[in-house]
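A closer look at the structure
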Amino acid sequence: MLRIECPCCGLRDHDEFRYGGDASVTRPGHDDPDPEAWYRYVYVRANPAGLHREFWQHVIGCRQWLMVERDTRNHAIASVAFARKAPAKKSFTQTSLAQKSLTKKSPVRKSTA
Ligand SMILES: [Zn+2]
């Protein structure tokens, strides 16, 4: 039985996940005019016997996309990680926003009368 250790939810049966495809494929550049590169990206897969990087989504759970390294011979999972890294934290806080709005000078309308 294939079970996946979700970083959010813990060890879950694969029925809770949806396979999202080969994670080792690299998308060609947006403006790449080479039809062969797009053909390889859409249709050509390696189908290895051994470790394979795959995307899985935890659809009946946290709905996160995961990058799973799975051995295709015995379904042993070597690693699971979030597919997308968390965005870098900003040093911007609510306090600094409040201070900024207080110190910001509003334009003074001059009277024409
Ligand atoms: Zn999850």
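Anyway, here's the lowdown on the structure attached to this text. (Residues numbered from 1 in each chain as written. Predicted model: local features only at pLDDT ≥ 70, side-chain atom pairs only at ≥ 80, totals over all residues. Heavy atoms only, no water.)

1. Let's talk about a nonpolar patch on the surface
Definition in use: Residues enter patches when they are more than 30% accessible in relative terms and free of salt bridges; like-charged ones are connected within 9 Å and nonpolar ones (Val, Leu, Ile, Met, Phe, Trp, Tyr) within 5 Å. The protein chains shown are the only cover counted for residues, whose accessible areas, like all others here, come from Shrake-Rupley with a 1.4 Å probe. What counts as a salt bridge is simple: a side-chain nitrogen of Lys or Arg found within 4 Å of a carboxyl oxygen of Asp or Glu. Comment: elements are numbered from the N terminus, with helices defined as DSSP H or I runs of at least four residues and strands as E runs of at least two. Under the scheme applied here, a residue whose accessible area is under 20% of the maximum for its type counts as buried, over 50% as exposed, and between as partly exposed, the area being computed with a 1.4 Å probe on protein chains only.
Judged by side-chain polarity, Tyr39, Val42, Tyr43 and Val44 come together as a nonpolar surface patch covering roughly 420 Å² of accessible area. When you line up the elements, tyrosine 39 lands in helix H1 (residues 35-43). You can call tyrosine 39 partly exposed: its relative accessible area is 44%.

2. Observations regarding the coordination of the zinc ion
For the record, the criterion: Ligating atoms shown are N, O and S within 2.8 Å of the metal, or 3.2 Å for Na, K and Ca, and water is not included, meaning a site may look less than complete. For four-coordinate sites, all angles between 85 and 135 degrees define a tetrahedron; for four- and six-coordinate sites, opposite donors beyond 155 degrees with the remaining angles between 65 and 115 define square planar and octahedral shapes respectively, and all other cases count as irregular.
Looking at the zinc ion, the protein donor atoms are Cys6 (SG), Cys9 (SG), His58 (ND1) and Cys62 (SG), and they sit 2.1 to 2.4 Å from it. Seen from the zinc ion, its 4 donor atoms lie at angles of 103 to 120°, and the figure they make is tetrahedral. Written as a sequence motif, the donor residues of the zinc ion are C-x2-C-x48-H-x3-C. Here histidine 58 lies in the loop between strand S4 (51-57) and strand S5 (65-71) and cysteine 6 lies in strand S1 (residues 3-6), a separation of 52 residues in the sequence. Across this residue pair, the class does not change: cysteine 6 and histidine 58 are buried.

3. Some points on the pairing of strand S6 (residues 77-82)
Walk down a regular strand and you will see the side chains alternate between the two sheet faces. How we decide: Two strands qualify as a pair provided DSSP detects at least 2 bridges between them.
When S5 meets S6, the two strands line up antiparallel, connected through 5 bridges. Bridged to arginine 70 within S6 is isoleucine 77.

4. Things to note about the nonpolar core
For clarity, the threshold we go by: What we call a nonpolar core is a set of buried Ala, Val, Leu, Ile, Met, Phe, Trp, Tyr and Cys residues that are connected through their side-chain atoms within 4.5 Å. Contacts between residues were defined by any pair of non-hydrogen atoms, one from each residue, lying within 4.5 Å.
Judged by nonpolar contacts, Leu2, Ile4, Cys6, Phe17, Trp56, Leu66 and Val68 together constitute the single largest core of 7 residues. Mapped by element, the contributors of at least two residues to this core are S1 and S5. Those residues in contact with leucine 66 that sit more than four places away from it in its chain are Ile4, Cys6, Pro7, Phe17, Glu54, Phe55, Trp56, Val80, Ala81, Phe82 and Ala83.

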